[in-house]
Amino acid sequence: MKKLIGLSLIILMLFTACENSNTDVPDNNNDNQNEYSIEEFFPVIENTKYSYKGEGNEFAAYTVFIDYISNNRFQTRTNNGGTETVKVYEFKDNQLIELYSRGETYFREDFTNREFQGGNVVLKLPYTGELKQIVTSQGNFNAIEVITESDQGTSTNYYAKDVGLVKSIYKSNDYEVSSTLDSLEQNVPLIQTVTLYYPDIDGVHLNSVDVQVSFNTNDSTKDVIEKTVKDLSVYELFSINTEINELYFDENDESVHIDLSNNFIEEMNAGSGFESLMLQSIANTLGSYYGVENIYLTIDGNLYESGHISLKENEPLKADYSIVNNQ
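Our subject in this report is the structure included herewith. No experiment lies behind these values; they were computed from the predicted model shown. (Residues numbered from 1 in each chain as written. Predicted model: local features only at pLDDT ≥ 70, side-chain atom pairs only at ≥ 80, totals over all residues. Heavy atoms only, no water.)

1. Quick word on unusual backbone geometry
Move 1: Omega for the peptide link from leucine 125 to proline 126 comes to 5°, which places this bond in the cis form.
Move 2: For proline 126, the location among the structural elements is in the loop between β6 (120-124) and β7 (132-136).
Move 3: For asparagine 94, which is not glycine, the phi torsion reads 55° and is therefore positive.
Move 4: Mapping asparagine 94 onto the fold places it in the loop between β4 (84-92) and β5 (95-102).
Move 5: With phi around 50°, glutamate 104 is a residue other than glycine that occupies positive phi space.
Move 6: Counting through the fold element by element, glutamate 104 comes out in the loop between β5 and β6. (Helix = DSSP H or I, 4+ residues; strand = E, 2+ residues; numbered from the N terminus.)

2. A look at the nonpolar core
Move 1: Core analysis: the biggest nonpolar cluster contains 47 residues, and Leu260, Phe264, Tyr290 and Tyr304 have the highest contact counts within it.
Move 2: Element by element, the count of residues in this core is highest for helix α5 (residues 272-290), at 7 residues.
Move 3: Contacts of tyrosine 290, omitting those with residues within four sequence positions, involve Phe107, Arg108, Glu109, Thr221, Leu247, Phe249 and Val256.
Move 4: Ranked by size, the runner-up nonpolar core spans 31 residues in total, among them Phe42, Phe74, Tyr89 and Val122. (Core = buried A, V, L, I, M, F, W, Y, C linked by side-chain atoms within 4.5 Å. Buried < 20%, exposed > 50% of the residue type's maximum accessible area, 1.4 Å probe, protein only. Contact = heavy atoms within 4.5 Å.)

3. Here we look at the environment of lysine 222
Move 1: Its place among the elements puts lysine 222 in helix α3 (residues 221-231).
Move 2: Distance from lysine 222 to glutamate 109, taken between C-alpha atoms, is 9.7 Å for residues 113 residues apart in sequence.
Move 3: In this structure lysine 222 touches Ile244, Asn245, Glu246 and Leu247, once residues within four positions along its chain are discounted.
Move 4: Within the local environment of lysine 222, its side chain forms a polar contact with the side chain of aspartate 223, the two groups lying 3.1 Å apart.
Move 5: Polar contacts involving the side chain of lysine 222 include one to the main-chain carbonyl oxygen of isoleucine 244, which spans 3.3 Å. (Polar contact = N/O pair within 3.5 Å; in protein donor to acceptor, adjacent residues only side chain to side chain.)

4. A word on α5
Move 1: Here α5 spans 27 Å end to end across 19 residues, near enough to the 27 Å set by a 1.5 Å rise per residue.
Move 2: For α5, the buried fraction is high: 14 of the 19 residues fall into the buried class.
Move 3: After α5 finishes, the residue glycine 291 shows a positive phi value of roughly 70°. (Expected span 1.5 Å × (residues − 1).)

5. Observations regarding the pattern of salt bridges
Move 1: All told, the structure shown has 15 salt bridges when counted by the stated rule.
Move 2: The salt bridge partner of glutamate 109 is arginine 114, with a shortest N-O separation of 3.1 Å.
Move 3: Judged by relative accessible area, which is 7%, glutamate 109 ranks as buried.
Move 4: Since its relative accessible area comes to 25%, arginine 114 is described here as partly exposed.
Move 5: Overlapping salt bridges, with partners in common, bring together Arg102, Glu109, Arg114, Glu251 and Glu254 in one network. (Salt bridge = Lys/Arg side-chain N within 4 Å of Asp/Glu carboxyl O.)

6. A look at the packing of aromatic side chains
Move 1: Counted under the stated rule, the structure contains 14 aromatic pairs.
Move 2: A ring pair is formed by phenylalanine 249 and tyrosine 290, whose centres lie 6.4 Å apart and whose planes are at 5°; its orientation type is stacked. Residue phenylalanine 249 is located in strand β14 (residues 244-250), and its partner tyrosine 290 is located in helix α5; the two are separated by 41 residues in the primary sequence. Pair check on accessibility: phenylalanine 249 and tyrosine 290 agree, each one buried.
Move 3: Three or more aromatic residues joined by ring pairs form one cluster here, namely Phe42, Phe74, Tyr89, Phe91 and Tyr159.
Move 4: Here the basic side chain of arginine 108 rests over the ring of tyrosine 68, its NZ or CZ set 4.6 Å away from the ring centre. (Phe/Tyr/Trp six-rings, centres within 6.5 Å; stacked < 30°, edge-to-face > 60°. Lys NZ or Arg CZ within 6 Å of the ring centre and 35° of its normal.)

None of this, on its own, says anything about what the molecule does.
Written out as structure tokens, the structure is:
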């Protein structure tokens with residue numbers, strides 16, 4: 001129960017604001033207030049890692065990466081040690097709007113181009129209040145104060161020019177949790193571990209190997225997965241000419257779709273038994289990474305047909321770890 005409470009509090013605290021809050025930006029130098037843009041108080045910098053230290057709860061400390069930037073939208077990834085949450089934001093009419101939030105998302109998927117209805121205003125200009133001085137290990141910042149009140153408690157976020165969120169405080173009765181900017185590192189990739197599965201030489205089982213992969217902002221998951229598999233060419237899961245044409249997560253039915261070039265079949269040079277193990281390797285690799293059971297495989301947009309194995313329309317491969325050595 002403690003963990004669930006902690007997770008919900010941190011998710012509530014992160015980048016939230018009240019739509020009716022006063023968010024006019026005063027100028028420290030007494031210049032024209034209206035010259036500020038919303039992007040200045042929420043800069044989106046690629047390949048940047050924001051780290052926050054926490055007090056009051058074990059999940060109050062967290063890190064934030066920028067997964068994707070697309071026109072006036074961007075996607076963040078927050079890891080508080082208990083879960084990873086991705087959020088999609090949009091800059092519009094001098095407002096920052098949270099369009100989408102998804103917890104328990106440990107895989108990379110670009111959600112920025114999807115259709116969303118509504119959204120929550122996180123920050124808006126102009127701002128008529130006074131700037132508050134916030135002390136952090138990165139220095140002292142004059143920040144916009146945004147307060148959100150609900151039946152559960154009060155969330156207060158502070159945003160500094162050219163930095164972004166520098167502090168969050170959540171209060172509920174006598175309970176208080178805070179998160180404060182601790183470090184900001186640029187040119188830092190997101191590191192994830194991908195478990196690759198491949199046929200064992202006995203022709204009956206699968207082996208597995210954990211590989212660390214790096215993702216920079218806007219890196220395509222399909223390109224990173226393809227390169228990772230080919231770099232381990234000793235396992236011959238993909239031939240050198242095999243390409244991943246498309247790879248995506250379907251949120252509607254919690255499945256993954258992968259479309260390979262015909263080189264996968266043409267250059268396989270395997271009997272039906274070994275081919276079956278190769279398909280199972282693909283299913284397990286993607287199933288493990290995306291946390292799904294069903295994987296739909298096509299070849300150049302068509303149904304899979306190799307001469308040994310045929311997949312019917314809407315027939316998925318299923319992740320199955322029962323034949324994996326040491327599982």
